[in-house]
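Residue-level structural notes
Residue strings, one per chain:
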Amino acid sequence: MMLRRLKPALAYLTLIVPSALIILGFLWLLITSFSTRIEGLRSLGWTLHNWRFLWESPFGPQYPSIWVVTLNTLVMSLIMTLIVVVVSSLTGYALSRMKFPGRKGFLSLTLILHAFPSVTLLIPIYFVLLWIAKIPLIGRDVPLLGGFGYNTLGGVALVMVAFQLPFGIWIMKGFFDNISWDMERSALIDGASRFKVWWQIIMPNIKPGIAALSIFAFLTAWNAYLIPLTFTAGRAGKSAVLSLYLQNFISESVMTEWNAVAAVGLFQLVPVVLFFLFTQEALLNIYGGGKKGGV
Amino acid sequence: MQGQLAPYVFLSPTLVLVTLFFFIPLVMVFILSFTKLDMTNFGILEWWRPVNWSLDNYVKIFTNRFFSKILGNTIMYVALTLALFNVGMALVIALITTHIRRRTGFAFRVLWFLPRITPVVVYTMMWRALAGPAPMGVINKYFLGPLGIGGGEYLLNTYPWVFIFLVNGFIGASFGMILFSSAIEAIPKDYTTASKVDGATTWQTIRYVELPMIKWPLLFVTTYQTLSLLTSFEQIMLLTDGGPGLYQTEVWALTAYHRALTSYFGNTQWGYGAAWSVVLVIIGIVMAVIYLRVFKFRELVEEPKIDQL
């Protein structure tokens, strides 16, 4: 009988102890960002000094201010989200609704790409971005984005789009598969084009799918670290994003100001958590919907 | 229907992106892996010419004196993170949160989702603070200290692997958690009620009714997460960067990144790094094919039944 009581107790313990670690970690982050020094979770002095990056540039004028960096991150995330959603729904629609030679091959290809270790391609992608940078007009000097080549926001966004596409396509195909064919059929009989049907009839009907994929893509882009790190020239450059800005504090200064790092980290984290709390139902939808698509 | 071209118009953006960022790079990574291209001879070495190709990089990998260390690290990292967290912990959370009050269960799931949505730099920094030496470190101060374990040293240096499992596992667990809990909630209530009526304990219900019914999500999470772990190295890079000792926590994907894209000792060896990647790509493709077999790919690619206008 002892055993019967011990088992649930043990189970609860395996949930509660690790959960406590998460809570302690985030508490530490919050407390330390408002402290001069911290011992465990006990602040040794409260201050706003760590948050001064909000109104002055802590590394001198050659570095972009936090607001420029935030704008960069926002622009890159929005662009990436937009492209992922549009391209995935175009392709997902074709795969769900049209018959064409190569359909099966294309589907298995996206599935293999989905399971494919894409980070292993970082080296040659670097060369591809160097080439794109040489193309006039789209390579560089596009306002706001900088372009789509190496060391531009557009280039980083494009690489992330490619990595997200296999996932996005399968998710969108799953959502299209669930929509009845009737509305579309009558529109097509009336002579509407495939594109018009897709845009005016089908897209408004898969809003939950669009929402789920957008949130997922946006979170991925906002938090992205490795791809911006690899494909932009430096943390100080004009295409720096928040996760790289954070890295400034860690390696550039003589003594790392961990409290300031925590403050910048929270600055990057808080919007995401708020965003997540408001959208979590839609986000969890993607996993639920994903089961059908095999993702 | 206007023309046979319509599908390809819909597919074209994907085709362009996939060509630019998957096919061309894939071909290039294979070619590069046979060359000695690095930062110093970039622009001079004609890497696209077969004359400059050799198997040297591969010989170098397999005769590297840290080869077995790195391979062992990779296997240990994938197997243990997967077993303890991505499947193990995920299952524990899913099972418990579906058996307690709905609200509480939901709160736990949101909490476990936090590591996944936290920027990775902040997240690893948080763990460094948890692992810090006494009296700063949270774990030392509140857990190990009072219990009298250890001398309050920096835990990341003493137990680097433990923290690599924890840091990666806390992110990985949420994926399985979501899939498992939705699968458990989808089990018809009659089944669990019937087993309760027959006098089964909660544990027996879980063991003999619920677990067999979530066999597919279990299998899926295992295969899918194996692949994700095999190529993930961001957290390790930020946490220990392969240290603290020589190659102590270096895994395969991190080696490829180090060789190719960091100027360690002033050289970025693109060719050599590419060779490390190619081995990983081959493992990835083989596993992806097995994974398609297991998941009855044929059923997923059924012809659309609706295109007979």
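Residues numbered from 1 in each chain as written. Chains lettered and ligands numbered in written order. Predicted model: local features only at pLDDT ≥ 70, side-chain atom pairs only at ≥ 80, totals over all residues.

1. Looking at the overall build of chain A
For chain A, the helix and strand inventory stands at 11 helices and 2 strands. Listing each helix as α and each strand as β along chain A from the N terminus yields α-β-β-α-α-α-α-α-α-α-α-α-α. Within the span of chain A, comprising 295 residues, buried residues form 46% of the whole. By sequence separation, contacts in chain A at least 24 residues apart represent 64% of the contacts at least 6 residues apart. (Helix = DSSP H or I, 4+ residues; strand = E, 2+ residues; numbered from the N terminus. Buried ≥ 20, exposed ≤ 12 C-beta atoms within 10 Å, placed from the backbone. Contact = placed C-beta atoms within 7 Å.)

2. Observations concerning the confidence of the model for chain B
Across chain B, the average pLDDT comes to 78, with 88% of residues at 70 or higher. When pLDDT is averaged over each element of chain B, helix H3 (residues 67-99) of chain B comes out on top at 86 and helix H15 (residues 297-300) of chain B at the bottom at 60. (pLDDT = per-residue confidence, 0-100.)

3. Some details on the packing of helix H8 (residues 160-185) of chain B against helix H11 (residues 215-231) of chain B
All names here are of chain B. Here H8 crosses H11 at 160°, and the two axes come no closer than 10 Å. For the element pair H8 / H11, the angle class is roughly antiparallel. For the crossing formed where H8 meets H11, the hand is right-handed. Mapping the contact onto sequence places Gly-172, Phe-175, Gly-176, Leu-179, Phe-180 and Ala-183 in H8 and Pro-217, Val-221 and Gln-225 in H11. (Axes fitted to C-alpha atoms, helices over the stretch in contact; angles between N-to-C directions. Parallel < 35°, antiparallel > 145°, perpendicular 65-115°, else oblique. Left-handed = near helix turned anticlockwise from the far one by under 90°.)

4. A short note on the interface of chain B and chain A
Taken together, the contacts link 78 residues of chain B with 77 residues of chain A. Ranked by the residues each element gives to the side of chain B that touches chain A, the list is headed by helix H1 (residues 6-32) of chain B, at 17 residues. Along the lines of polarity and charge, the residues of the side of chain B that touches chain A split into 64 nonpolar, 10 polar and 4 charged. (Nonpolar A, V, L, I, M, F, W, Y, C, P; charged D, E, K, R; others polar.)

5. A few points about the domain arrangement of chain A
Residue and element names in this part refer to chain A. Here chain A is partitioned into domain 1 (2-47) and domain 2 (61-293). Each partner contributes to the interface: domain 1 provides 5 residues, whereas domain 2 provides 6 residues. Classifying every residue of the side of domain 1 that touches domain 2 gives 2 nonpolar, 3 polar and no charged. (Domains from an automatic or database assignment.)

6. Description of the environment of Ala224(A)
Looking at where Ala224(A) falls in the secondary structure, it is placed in the loop between helix H8 (207-223) and helix H9 (226-231). Look past the residues within four positions of Ala224(A) in its chain and what remains in contact with it is Met160(A) and Ser243(A).

7. Describing the packing of helix H2 (residues 56-63) of chain B against helix H14 (residues 270-294) of chain B
All names here are of chain B. Packing of H2 against H14 brings their axes to within 9 Å, and their N-to-C directions diverge by 65°. The pairing of H2 with H14 is recorded here as roughly perpendicular in orientation. H2 and H14 meet at a crossing whose hand is right-handed. From H2, Asn-57, Tyr-58, Lys-60 and Ile-61 reach across to H14, where they touch Gly-271, Tyr-272, Ala-275 and Trp-276.

8. A look at the confidence of the model for chain A
Residue and element names in this part refer to chain A. Scored by pLDDT, chain A has a mean of 77; 80% of the residues are at 70 or more. Averaged pLDDT values over the elements of chain A bottom out at 70 in helix H11 (residues 258-293) and peak at 87 in helix H2 (residues 66-97). Every residue in residues 288-295 scores below 50 in pLDDT, and together they form 21 contacts with partners more than four places removed in sequence or on other chains.

9. Overview of the nonpolar core
Met80(A), Ala157(A), Val159(A), Met160(A), Val161(A), Ala162(A) and Ala90(B) are the most contacted members of the largest nonpolar core, which has 159 residues in total. Considering every element that reaches this core, the biggest residue donor is helix H5 (residues 153-177) of chain A, with 17 residues. Viewed by domain, this core spans two of them, domain 1 (2-47) and domain 2 (61-293) of chain A, each represented by three or more residues. Contact partners of Met160(A), with chain neighbours within four places excluded, come to Met80(A), Ala221(A), Ala224(A) and Ile227(A). (Core = buried A, V, L, I, M, F, W, Y, C linked by C-beta atoms within 7 Å.)

10. Some remarks on H1(B)
With 27 residues, H1(B) extends 37 Å between its outermost C-alpha atoms, agreeing within 8% with the 39 Å of an ideal straight helix rising 1.5 Å per residue. The principal kink in H1(B), of about 45°, is found at Ser12(B), preceding the proline Pro13(B) by one to four residues. Of all the positions in H1(B), only Pro7(B), Phe10(B), Leu11(B), Thr14(B), Leu17(B), Val18(B), Phe21(B), Phe22(B), Pro25(B), Met28(B), Val29(B) and Leu32(B) are classed as buried. Elements that come into contact with the buried residues of H1(B) comprise H2, helix H3 (103-114), helix H4 (122-134) and H5 of chain A together with H14 of chain B. (Expected span 1.5 Å × (residues − 1). Bend = angle between axes of the 7 residues up to and from the residue.)

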